[in-house]
Every structure is written in C-alpha cells, then in structure tokens.
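# Structural characterization, general
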Amino acid sequence: MVEVMSDKFVCIVDETKLCKALGPSFPLPVEIVQFCHEHTLRTVAALPEVKGCTPRLRTGSAANNKPEGDTPAVTDNGNYIVDLVFTEPITDAPKAAKSLKEVVGVVDHGIFAGMASQVIVAFADGSTRVAGEGGEKPWWA
C-alpha cells in the first residue's frame, strides 16, 4: 500500500535479484487471508496467468521464503503467505499481477510491474547502478 500512495517508488536490490523474466529464479510471494486459505491457494494455483506454478504455504518466519517447521508464517497483518514456485518464466507479469489481485482472499503479491520510478542495484564490488528516472534504461531485461 505504501508504494501505491507514494509519489515515487524506488526499489533497492542487490545484483542477485536481476533476471530476464520473473518466475524460476525466486518464488513469487502472495499474501492471502487466513480464512479459507486452502481454497484461495488452490484458486491462485489454477490461474492461467501463473500456469505451471507449485504453490507452497510459507511456514516458519514470514520474513524468509525457506520452509521452517509446520506452522504457517503469519505476516504483520495476520495473513498467510503462499510462495509460488515456477520452473518456467511468467509469460505476462502485469497480467498475472492483475489476475492475482482479482482473487477473493488475496491481499497482495510480489509483482511490482510498472510501479517503480527508479531501481538502484548494488553490486558485490560496492558499486551501484541506477535504472529509470534519472538513470539508464534497464540493462537486465
């Protein structure tokens, strides 16, 4: 919600987050309400826009996407997180984002398509590059 209300949305990442397409590199987090969470999980997984994903209810800490124990991870807002694991890239991230938001029980997701005005990328050698407003065109796409 903060990014929607902001005049500018700046993403700061390290170089390990750069990829040609969303999907196989990292699980896609989807925050869902606890009520009927199994139904919501199945509905999300059945969306054509995320075809081929394997939904995994996050367990342990909400702050990392590594399974820990059997207890569902709970966000600060009291919701669960489903990590969608892909073997193939998401073909249309903006369309997937829209479809996910239309599912009853989905609070939000980790696709920020078209929202960032700037991306700052930090590299292991200590250098940074800026893409977007005041910087260069995205070089990783």
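Rules behind the numbers
Residues numbered from 1 in each chain as written. Predicted model: local features only at pLDDT ≥ 70, side-chain atom pairs only at ≥ 80, totals over all residues. Heavy atoms only, no water. Salt bridge = Lys/Arg side-chain N within 4 Å of Asp/Glu carboxyl O. Helix = DSSP H or I, 4+ residues; strand = E, 2+ residues; numbered from the N terminus. Buried < 20%, exposed > 50% of the residue type's maximum accessible area, 1.4 Å probe, protein only. Patch = residues over 30% accessible without salt bridge, like charges linked within 9 Å, V, L, I, M, F, W, Y side chains within 5 Å. Areas by Shrake-Rupley, 256 points an atom, 1.4 Å probe, with all protein chains shown as cover. Core = buried A, V, L, I, M, F, W, Y, C linked by side-chain atoms within 4.5 Å.

Take the pattern of salt bridges next. Side chains carrying opposite charge are able to pair once their charged atoms draw close together. Counting across every chain of the model gives six salt bridges. Residue arginine 58 pairs with aspartate 83 through a salt bridge whose shortest N-O separation is 2.6 Å. Linking arginine 58 in the loop between strand 3 (54-57) and strand 4 (80-85) with aspartate 83 in strand 4, this pair joins segments that are 25 residues apart in sequence. No difference in accessibility class separates arginine 58 from aspartate 83, as the two residues are buried. Arginine 129 is the partner of glutamate 136 in a salt bridge, and the nearest nitrogen-oxygen pair spans 2.6 Å. Judged by relative accessible area, arginine 129 falls into the partly exposed class, the value being 32%. One connected set of salt bridges, linked through shared partners, spans Arg56, Arg58 and Asp83.

On to a nonpolar patch on the surface. Taken together, the side chains of Val4, Met5, Phe112 and Met115 present a nonpolar region at the surface, about 410 Å² in accessible area. With respect to the helices, strands and loops of the structure, methionine 115 is situated in the loop between strand 5 (106-109) and strand 6 (118-122). Overall, methionine 115 belongs to the partly exposed group, its relative accessible area being 32%.

Another aspect to go through is the nonpolar core. Core analysis: the largest hydrophobic core is formed by 20 residues, its most contacted members being Leu28, Val30, Val50, Leu84, Phe86, Leu100 and Ile111. Secondary-structure elements contributing two or more residues to this core are strand 2 (28-32), helix 2 (37-45), strand 4 and helix 3 (93-101). The element that contributes the greatest number of residues to this core is helix 3, accounting for four residues.

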